[in-house]
Amino acid sequence: MPNKSRLTPEEPFPEDLTELRDESVEVLHSKIHREIDAEYDELGELVPETEFRLEELTEELDRRDEDAELDSRPVAEVTVLKTSDGDAEEAEA
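Residues numbered from 1 in each chain as written. Predicted model: local features only at pLDDT ≥ 70, side-chain atom pairs only at ≥ 80, totals over all residues. Heavy atoms only, no water.

Caption draft 1: Spotlight on the overall build of the chain. Broken down by element type, the chain carries 2 helices and 2 strands. For the chain, the α and β elements follow one another from N to C terminus as α-α-β-β. The 93 residues of the chain split such that 23% are buried. Expressed as a percentage of contacts within the chain between residues at least 6 apart in sequence, the contacts between residues at least 24 apart total 53%. (Helix = DSSP H or I, 4+ residues; strand = E, 2+ residues; numbered from the N terminus. Buried < 20%, exposed > 50% of the residue type's maximum accessible area, 1.4 Å probe, protein only. Contact = heavy atoms within 4.5 Å.)

Structure follows, in structure tokens:
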């Protein structure tokens, strides 16, 4: 019977983490960390599948953090000015 607080290497893992909501990725990340603790306690080392899953989740969380930072940056307003010769010129407001 699977342990609800961790995700063993034998249990299914999503193929595409980008399709999951933030909360689901965070829960999987937590479960993998619990599995890591259990593997070190029981085996003294990590199972390669668990290590791979941790890398996948860490990369996805990092990507989402970067996307959030980009989304939160202020957008500069640009004003288009006409010069005396009728050409358009951009200036940041």
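Caption draft 2: Structural detail: the confidence of the model for the chain. For the chain, the average pLDDT comes to 85, and 74% of its residues sit at 70 or higher. Model confidence for the chain, summarised as mean pLDDT per element, is weakest for strand β2 (residues 88-92) at 54 and strongest for helix α1 (residues 22-43) at 96. (pLDDT = per-residue confidence, 0-100.)

Caption draft 3: Geometry of the environment of Glu39. Topologically, Glu39 is positioned in helix α1. Measuring from C-alpha to C-alpha, the distance between Glu39 and Thr8 comes to 9.3 Å, with 31 residues separating the pair along the chain. Ignoring any residue separated from it by four or fewer positions in sequence, one finds Glu39 in contact with Pro9, Gly44, Glu45, Leu46, Val47 and Thr50.

Caption draft 4: View of the pattern of salt bridges. Tallied over the full model, the rule gives 8 salt bridges. Ionic pairing is found between Arg6 and Glu42, a salt bridge with its closest N-O pair at 3.9 Å. Within this pair, whereas Arg6 is found in the segment before α1, its partner Glu42 is found in helix α1, the two being separated by 36 residues in sequence. For Arg6, a relative accessible area of 18% translates into the label buried. The partner of Asp22 in a salt bridge is Arg64, and the shortest N-O contact between them spans 2.6 Å. Here Asp22, found in helix α1, pairs with Arg64, found in helix α2 (residues 48-72); they are 42 residues apart in sequence, far enough to count as distant. If you follow the salt bridges from partner to partner, you end up with Asp22, Glu60, Arg63, Arg64 and Asp67 in one network. (Salt bridge = Lys/Arg side-chain N within 4 Å of Asp/Glu carboxyl O.)

Caption draft 5: Quick look at the nonpolar core. Within the largest apolar cluster, 10 residues are counted, these being Leu7, Phe13, Leu17, Val25, Leu28, Ile32, Ile36, Leu54, Leu57 and Leu61. At 4 residues, α1 tops the list of elements feeding residues into this core. Other than its neighbours up to four places away in sequence, Leu17 contacts Val25, Leu28, Glu56, Leu57, Glu60 and Arg64. (Core = buried A, V, L, I, M, F, W, Y, C linked by side-chain atoms within 4.5 Å.)

Caption draft 6: Here's a closer look at the environment of Leu17. Structurally, Leu17 can be placed in the segment before α1. A residue is classified by how much of its surface remains accessible, and Leu17, at 7% relative accessible area, is buried. Each C-alpha atom of the pair Leu17 and Glu56 lies 8.2 Å from the other, and the pair is 39 residues apart in sequence.

Caption draft 7: Here's a closer look at α1. In this model α1 runs 31 Å from its N-terminal to its C-terminal C-alpha over 22 residues, within 8% of the 32 Å that 1.5 Å per residue would give. For α1, the full list of buried residues reads Val25, Leu28, Ile32, Glu35, Ile36, Ala38 and Glu39. Note on α1: the residue one or two positions beyond its end, Gly44, has a positive phi of about 80 degrees. (Expected span 1.5 Å × (residues − 1).)

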